[in-house]
Amino acid sequence: SLLLSVVVAAAVLVGLVLGVYESEEEDDSLHLTESAAGVNRVLSGKLTELLKISGPGLKKGKSRIFYGLHEDFPCIAVVGLGRNSLGVCGTEYWDTCKENIRAAIAGGCRVLQNHVLTHIEVDGCNDSQSAAEGAVLGLFTYDDLKTKKKTRVTTQLHGSGCVSGWEKGVLYGEGQNLARYLMEAPANHVTPSVFADTITNRLAPYADHVIVHKRSQEWIEEQQMGAFLSVSKGSEEPPVFLELHYNGCPDNAQCPLLLVGKGITFDSGGISLKPPSGMDAMRADMGGAATVCSAIITAAALNLPINIIGLAPLCENMPSGKANKPGDVVTAKNGKTIQVDNTDAEGRLILADALCYAHSFNPRAIVNAATLTGAMDVALGSAATGVFTNSDWLWEQLHKASVVTGDRVWRMPLFQHYTRQVTDCQLADLNNVGKYSRSGGACTAAAFLREFVTAPHWAHLDIAGVMTNKDEELLASYSG
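Here the structure is a predicted model, which is why all the values come from computation and not from measurement.

Draft legend 1. Molecular detail of helix α10 (residues 287-302). In a regular helix each residue adds 1.5 Å, so 16 residues correspond to 22 Å; α10 covers 22 Å between its end C-alpha atoms and thus fits that length. Judged by how many residues are buried, α10 sits mostly within the fold: 13 of 16 residues are covered. Immediately downstream of α10, the backbone of Asn303 shows phi near 55°, a positive value.

Draft legend 2. Local environment of the state of the cysteines. One pass over the structure, following the stated rule, counts zero disulfides. Left unpaired, Cys97 is separated from the closest cysteine sulfur, that of Cys125, by 8.8 Å. Given the relative accessible area of 12%, Cys97 is considered buried. The thiol sulfur of Cys162 is not disulfide-bonded, and the nearest other cysteine sulfur, from Cys125, lies at 13 Å. Using a relative accessible area of 42% as the deciding quantity, one classes Cys162 as partly exposed.

Draft legend 3. Representation of the sheet that holds strand β15 (residues 337-340). Sheet architecture is open: three strands sit in the order β14-β15-β19, paired in mixed fashion. On the outer flanks of this sheet lie β14 (328-331) and β19 (430-431), each paired with one strand and no other. Judged from the four bridges that link them, β14 and β15 form a sheet pairing that is antiparallel. Paired with Val330 across the strands is Ile338, a residue of β15.

Draft legend 4. Representation of the pairing of strand β12 (residues 263-267). For β12, a buried count of five out of five residues is recorded, marking the element as mostly surrounded by other parts of the structure. Bridge count between β12 and strand β13 (residues 307-317): four bridges; the pairing is parallel. Within β13, the position partnered with Gly263 by the bridge is Leu314.

Cut-off values and rules
- Residues numbered from 1 in each chain as written.
- Predicted model: local features only at pLDDT ≥ 70, side-chain atom pairs only at ≥ 80, totals over all residues.
- Heavy atoms only, no water.
- Helix = DSSP H or I, 4+ residues; strand = E, 2+ residues; numbered from the N terminus.
- Expected span 1.5 Å × (residues − 1).
- Buried < 20%, exposed > 50% of the residue type's maximum accessible area, 1.4 Å probe, protein only.
- Disulfide = S-S within 2.5 Å.
- Pairing = 2+ DSSP bridges.

Following this line, the structure appears as structure tokens:
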């Protein structure tokens, strides 16, 4: 057994990520974190010596790799954290110090992963939760279907940082990575039924306080969700309505929070067919459902003392002889009729019925998330999620949370100006696109959804811009 232990230990190549802060003065001096200073003492100051002679001061997000310095760590990555004095930035709308830690640690872990290391210890950088989030998010990759896969890396907190913060950050990161995993997977591997089964299996360990209902097409028909059914009928894959009940506060029967996520597992555009370029990305059009379900799984893992209900209408939007045709009129659950002038504006149709159903639980607040409009990507790009809300209170809660998490939000208008553009309709109560087509497309989509909301605290999160991790952002927000 001793020989086996030696062989196993030799097979586990361990790396270390350490952080350094820039000087507050206008010079190239560096300030080590507590963990980095501890390693430097063990090495009799050799770490700081090498940092000085290896180049100019280590700037934010940059890294240097040192080999053979420490007998326990064949590879040490030192990453730049920026200035330690930075906090919440009034122009960037996030906690700059936290975001710098996430990005730097993510970069350092990826560098060491490329060196085929199988285990990495991570400097908590005086904020072990942010460090853990960066490590877990940075090491994510979707290569399930590749023959050659990236090295699988485990991580742990180095030194005497806050273990509970680290564990919480790991759960936050794993929750986001589940959403990313579902969005990256090909549509033929994540059908509506497979999506629902995946979430059900992930929630199995929490069966004592989570109830899962996988609703069938027959149930959807009984609920008279005509708008949802009109989208699903173009596909051979049957629709699924996934309903999750997390009871973190069983003594309180009230549902304070209800989440709704758009679950189009592939969006071809239907009869209003999308152009082929970039259509493969539409496998991620169920990003709203992925983030909602992942959030509930994370809440269960954290054992949060709150009751949450999650709803995810799941289907494909495909062209066929049974699919919606431009000009068709369908009836939503609340009895309103909808003229479908653009079958590629299908997400709002399935959300309309889900929002109507959401009100039956009398929640304090309803939040829906959807990769809804290309117009949102045009407006904000990948920098922030667009938030349309009828509640100043709910906006404040979302904004405060976004500053801490780094998943930035920006409030968008819900003017009657946009409502008139969807209610001025030739054949029905509503049109599923605005009167002036592409003008203010994200705003008219939100105005359409508002027609199915009576709750005083409702927010629509259009995450189309942040659904992909563009090159200007090191970490994906929702999918990121």
